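Architecture at a glance
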Amino acid sequence: MSHAYYINNAHVVFHTGRRIIRDSELERLHAFIAALARECKVRQVLVGGVADHIHLLGDFPMDKAPADVICTLKANSSRWLKGVHSYYSDFSWQQGYGYFAVSASIRPDVVRYINNQAIHHLKESAPAEFERMKRLHEIAAYGEAYKV
């Protein structure tokens with residue numbers, strides 16, 4: 001075979017630190033992060049979320065470590081947000097994140113899930129959501145060995 005073929009779909013979740021994102025900036029922030037992801041060669045990008053966390057679904061490139069891409073997204077979006085309004089002068093993302101593999105067969109379900117975050121979070125808190133996602137992907141079963 002003369003070519004390499006791959007798909008590296010992942011659902012990434014990261015949370016805010018000291019500040020929540022106001023509704024007036026949320027949609028613009030999602031668009032900014034999506035544009036950054038595309039610049040990092042992430043394909044089929046979808047960004048959503050609510051005031052205290054971001055969800056990103058995308059096909060990550062083979063030639064860059066996902067951790068490097070996520071670091072770039074978080075650093076640049078934090079810098080951008082600080083320039084939007086003085087309210088965000090001490091804004092930061094929490095240090096960690098979740099990176100969950102997504103098969104092509106369930107990608108449409110993840111798209112719906114991300115698009116319906118506001119409704120979803122009427123029933124489940126962000127911390128409970130993140131713990132559920134870890135259990136679903138069996139990260140809890142592996143414990144500390146799967147922390148970066």
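Refer to the structure printed above.
Presented here is a report on the structure given in the accompanying data block.

A word on the pairing of strand β4 (residues 98-101)
On β4, burial follows the alternation: Gly98 and Phe100 on one face are buried, whereas Tyr99 and Ala101 on the facing-out side are not. Of the strand pairs in this sheet, strand β1 (residues 9-15) and β4 are connected by four bridges, and their pairing is antiparallel. Within the sheet, the bridge partner assigned to Val13 lies in β4 and is Gly98.

Comments concerning the nonpolar core
Ile21, Ile33, Leu56, Phe60 and Trp93 are the most contacted members of the largest nonpolar core, which totals 24 residues. For this core, the element with the highest residue contribution is helix α1 (residues 23-39), accounting for six residues. Residues contacting Trp93, with those up to four places away along its chain left out, are Phe14, His15, Thr16, Gly17, Ile21, Leu29, Ile33, Ile54, Lys74, Ser77 and Ser78. Core analysis: the second largest hydrophobic core is formed by five residues, Leu57, Val102, Val110 and Ile114 among them.

Description of the packing of α1 against helix α2 (residues 66-84)
Between α1 and α2, whose axes approach to 10 Å, the crossing angle comes to 145 degrees. The chirality of how α1 crosses α2 is right-handed. Taken together, the residues of α2 that come into contact with α1 (itself represented by Glu25, Arg28, Leu29, Phe32, Ile33, Leu36 and Ala37) are Leu73, Asn76, Ser77, Trp80, Leu81 and Val84. Among the residues forming the contact of α1 with α2, the class breakdown is nine nonpolar, two polar and two charged.

As for the packing of aromatic side chains
For the structure shown, the criterion picks out six aromatic pairs. Here the aromatic rings of Tyr87 and Tyr88 are separated by 4.7 Å at their centres, their planes lie at 85 degrees, and the arrangement is edge-to-face. Given a relative accessible area of 22%, Tyr87 falls into the partly exposed group. Counting every residue linked through ring pairs, the aromatic cluster contains Phe14, Tyr87, Tyr88, Phe91 and Trp93. A cation over a ring is seen here: Arg19 above Tyr87, with NZ or CZ 4.7 Å from the ring centre.

Points about the pattern of salt bridges
Where charged atoms from two side chains of opposite charge come close, those side chains can pair. Counted under the stated rule, the structure contains four salt bridges. A salt bridge links Arg22 to Glu25, with the nearest nitrogen and oxygen atoms 3.2 Å apart. By relative accessible area, which is 26% here, Arg22 ends up partly exposed. Taking relative accessible area as the criterion, Glu25 reaches 7% and is therefore assigned buried. Note that Asp59 is salt-bridged to Arg43, the shortest N-O span being 2.5 Å. Here the residue Asp59 occupies a position in strand β3 (residues 53-59), and Arg43 occupies one in strand β2 (residues 43-50), the gap between them amounting to 16 residues. You can call Arg43 partly exposed: its relative accessible area is 38%.

Reading guide: rules and limits
- Within each chain, residues carry numbers counting from 1 in the order of the written sequence.
- Local features in this predicted model are restricted to residues whose pLDDT is 70 or higher, and side-chain atom pairs enter the listing and the counts only when it is 80 or higher, whereas totals over whole chains, interfaces and linings include all residues.
- Hydrogens and water molecules were not included; the side-chain quantities draw on all heavy atoms of the structure.
- The buried label goes to any residue with under 20% of its type's maximum accessible area, the exposed label to any with over 50%, and the partly exposed label to all in between, with areas taken from a 1.4 Å probe on protein chains only.
- Helix and strand definitions follow DSSP, with helices as H or I runs of at least four residues and strands as E runs of at least two, each counted in order from the N terminus.
- Whether two strands pair comes down to DSSP finding at least two bridges between them.
- We call a set of buried residues a nonpolar core when its members are Ala, Val, Leu, Ile, Met, Phe, Trp, Tyr or Cys and they connect through side-chain atoms within 4.5 Å of each other.
- The contact definition used throughout considers only heavy atoms, calling two residues in contact when any of these lie within 4.5 Å.
- Where helices are involved, their axes are fitted lines through C-alpha atoms of the stretch in contact, as for all axes, and angles between N-to-C directions lie from 0 to 180°.
- Helix crossings fall into two classes, left-handed where the near helix is turned counterclockwise from the far one by less than a right angle and right-handed where it is turned clockwise.
- By the convention adopted, Pro, Cys, Tyr, Trp, Phe, Met, Ile, Leu, Val and Ala count as nonpolar, Lys, Arg, Asp and Glu as charged, and the other residues, Gly among them, as polar.
- Each aromatic pair joins two rings of Phe, Tyr and Trp (for Trp, the six-membered one) with centres within 6.5 Å, and gets the label stacked for planes under 30 degrees apart, edge-to-face for over 60, and tilted for any other angle.
- Over a ring means this: the NZ of a Lys or the CZ of an Arg is within 6 Å of the ring centre and within 35 degrees of the ring normal.
- Here, a salt bridge means any Lys or Arg side-chain nitrogen found within 4 Å of an Asp or Glu carboxyl oxygen.

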